[in-house]
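Close look at the chain arrangement
Here is how the chains run, residue by residue.
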Amino acid sequence: MENFLNAMPKAELHLHLEGTLEPELMFKLADRNGIELPYDSVEQLKAAYDFGNLQDFLDLYYQGANVLQTEQDFYDLTWAYIEHCRAQHVIHVEPFFDPQTHTDRGIPFETVINGISRALDDAKARFGITYGLIMCFLRHLSEAAAFETLKQAEPHLDKIIGIGLDSSEKGHPPAKFERVFAKAREWGLLLVAHAGEEGPAQNVIDALDLLHINRIDHGVRASDDPELIKRLIEDKIALTVCPLSNTRLKVFSDMSKHNILDMLDSGVKVTVNSDDPAYFGGYMTENFMALYRSLNMSKEQALELARNSFEYSFASRERKDEMLALLSQYQMT
Ligand code: ADE
Ligand code: ZN
């Protein structure tokens, strides 16, 4: 099964580039940039990756991002992720980045976006991995700060496909960002938002009704509301679910309690993603394997999850059909 899942062509639609910063690279960049880390070794750092909730994780994640300083650092971070994609047959990616995590430390917006997009362009040229880059607003910061970030992105709209919303969900509901999402929509950007991860099903409804999002990130709490589940099915609104993230952040107490396959079987367009793989114990294959081990996921279910990842990506119709054809071929072999 591991070979089958690893070699299966797939797309990743929920991945924070800052969350791919492996401890080894964190130490290397800290050294390169003369930054002191509050840990003596990779092992000590890894031992700190024991989270009680989302905020516990976010505190470490923002601290880790401090080592990212130069355009080359952002390039190296993105390239390291691409190497994982290659190894795991991820052929299309729609990664997130959090510009405010960097601009608030005095790193220019250009440094961040140029390093990331140069690596993604190289990945496309060298390996044919297609991509759409998504810029996220940090929801614990203000609406004004989000507008400022959108303004900084304006000269770079050719490099991003959409806008997202992440960070602490509790206390920062979608309504706070209604106007900035409306502006991004006017500019023709696609929209996603984290909702229903730690927050209630109502945040999923508000992300749909107030932000007019095209896809929901996480959304697992939607299952608390049967009417909402009916709506997601009828309107084919995809959820980018992150199994290992959800167990590491105690959204589910155990993988055997995860609702992803129940939602899949009831007709919700769910996909599998790794969120912050360097912090949560694995990339795409490890997430699929966790579903096989704890929920007895079948090959048919895995193929349907991969099909959803292509169909509900923001790739062109032509590219979607090309990827779906590759998956059909894979299924035959
Ligand atoms: N930023 C990075 N990972 C996140 C997650 N799982 N939820 C909210 N914000 C995040
Ligand atoms: Zn996320």
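It should be emphasised that the depicted structure is a prediction, and the values quoted were computed from it without experimental measurement.

**A few points about the sheet that holds strand S9 (residues 239–241)**
Pairing in this open sheet of seven strands is parallel, and the strands run S3-S5-S6-S7-S8-S9-S10 from one edge to the other. Only two strands of the sheet have a single partner each, and these edge strands are strand S3 (96–97) and strand S10 (270–272). In terms of strand pairing, strand S5 (residues 134–138) meets strand S6 (residues 162–166) through five bridges, oriented parallel. Note on S6: the bridge partner recorded for Phe-137 is Leu-165.

**As for the coordination of the zinc ion (ligand 2)**
Around the zinc ion (ligand 2), the donor atoms from the protein are His-14 (NE2), His-16 (NE2), His-194 (NE2) and Asp-275 (OD), and they sit 2.0 to 2.2 Å away. Here the donor residues for the zinc ion (ligand 2) map to a single chain with the spacing H-x1-H-x177-H-x80-D. Here the residue His-14 occupies a position in the loop between strand S1 (10–12) and helix H2 (23–32), and His-194 occupies one in strand S7 (residues 190–195), the gap between them amounting to 180 residues. Both residues of the pair, His-14 and His-194, count as buried.

**Quick look at the packing of helix H10 (residues 201–209) against helix H11 (residues 226–234)**
Here H10 crosses H11 at 40°, and the two axes come no closer than 10 Å. Our classification of the angle between H10 and H11 gives oblique. Handedness of the crossing formed by H10 with H11: left-handed. Side by side, H10 and H11 meet where Ala-201, Val-204, Ile-205, Leu-208 and Asp-209 of the first sit next to Leu-228, Arg-231 and Leu-232 of the second. Of the residues that constitute the contact of H10 with H11, the class distribution is six nonpolar, no polar and two charged.

**Overview of the sheet that holds strand S2 (residues 90–93)**
Strand pairing in a sheet takes place through backbone hydrogen bonds and is either antiparallel or parallel in direction. Ordered in space as S1-S2-S4, the three strands form an open sheet in which the pairing is parallel. Looking along the sheet, the strands with just one partner apiece sit at the ends: S1 and strand S4 (130–131). The pairing of S1 with S2 spans three bridges and is classified as parallel. Counterpart to Glu-12 in the pairing with S2 is Val-93.

**What to know about the site of ligand 1**
Surrounding ligand 1, one finds His-16, Leu-54, Phe-57, Leu-58, Tyr-61, Asp-166, Ser-167, His-194, Glu-197, His-218, Asp-275 and Asp-276. A distance of 2.7 Å is found between a nitrogen atom of ligand 1 and a side-chain nitrogen or oxygen belonging to Glu-197. Asp-275 places a side-chain nitrogen or oxygen 2.7 Å from a nitrogen atom of ligand 1. Relative to its free-state accessible area of 260 Å², ligand 1 is covered by the protein chains to the extent of 100%. By residue number, the principal contributor to the shell around ligand 1 is helix H4 (residues 54–64), which donates four residues. Of the residues that constitute the shell around ligand 1, the class distribution is four nonpolar, four polar and four charged.

Reading the values: rules and limits
- Numbering of residues starts from 1 in each chain and follows the order in which that chain's sequence is written.
- Each chain is given a letter, starting from A, and each ligand a number, starting from 1, according to the order in which they appear as written.
- Where local features are concerned, this predicted model is filtered to residues with pLDDT of at least 70; where side-chain atom pairs are given and counted, the filter is 80 or more; whole-chain, interface and lining totals use all residues.
- Working from all heavy atoms in the structure, the side-chain values ignore hydrogens and water.
- Should DSSP find at least two bridges between two strands, the strands are taken to pair.
- Think of it this way: any DSSP run of H or I at least four residues long counts as a helix, any run of E at least two long counts as a strand, and we number them from the N terminus.
- For Na, K and Ca the donor cutoff is 3.2 Å, while for all other metals N, O and S atoms must lie within 2.8 Å; water is not among the atoms, so some sites may look incomplete.
- Buried means the residue's accessible area, taken with a 1.4 Å probe over protein chains only, is under 20% of the maximum for its type, while exposed means over 50%, and partly exposed covers the values in between.
- To obtain an axis, a line is fitted to C-alpha atoms, over the contacting stretch when the element is a helix, and the angle between two such axes runs from 0 to 180 degrees between their N-to-C directions.
- To sort the angles, those under 35 degrees are grouped as roughly parallel, those over 145 as roughly antiparallel, those from 65 to 115 as roughly perpendicular, and the leftovers as oblique.
- A crossing counts as left-handed when the near helix is turned anticlockwise from the far one by less than a right angle, and as right-handed when that turn is clockwise.
- Whether two residues are in contact is decided by their heavy atoms, any of which lying within 4.5 Å being enough.
- Each residue gets one label: Ala, Val, Leu, Ile, Met, Phe, Trp, Tyr, Cys and Pro are nonpolar, Asp, Glu, Lys and Arg are charged, and the others, such as Gly, are polar.
- Residues are labelled near a given molecule or strand when at least one of their non-hydrogen atoms is within 4 Å of it.
- Definition of a polar contact: a pair of N or O atoms within 3.5 Å, with one able to donate and the other able to accept a hydrogen when the atoms are protein atoms, and with sequence-neighbouring residues admitted only if both atoms are side-chain atoms.
- What sets the accessible areas is the Shrake-Rupley method with a 1.4 Å probe; for residues, cover comes only from the shown protein chains.

So yeah, pure geometry; function would need other evidence.
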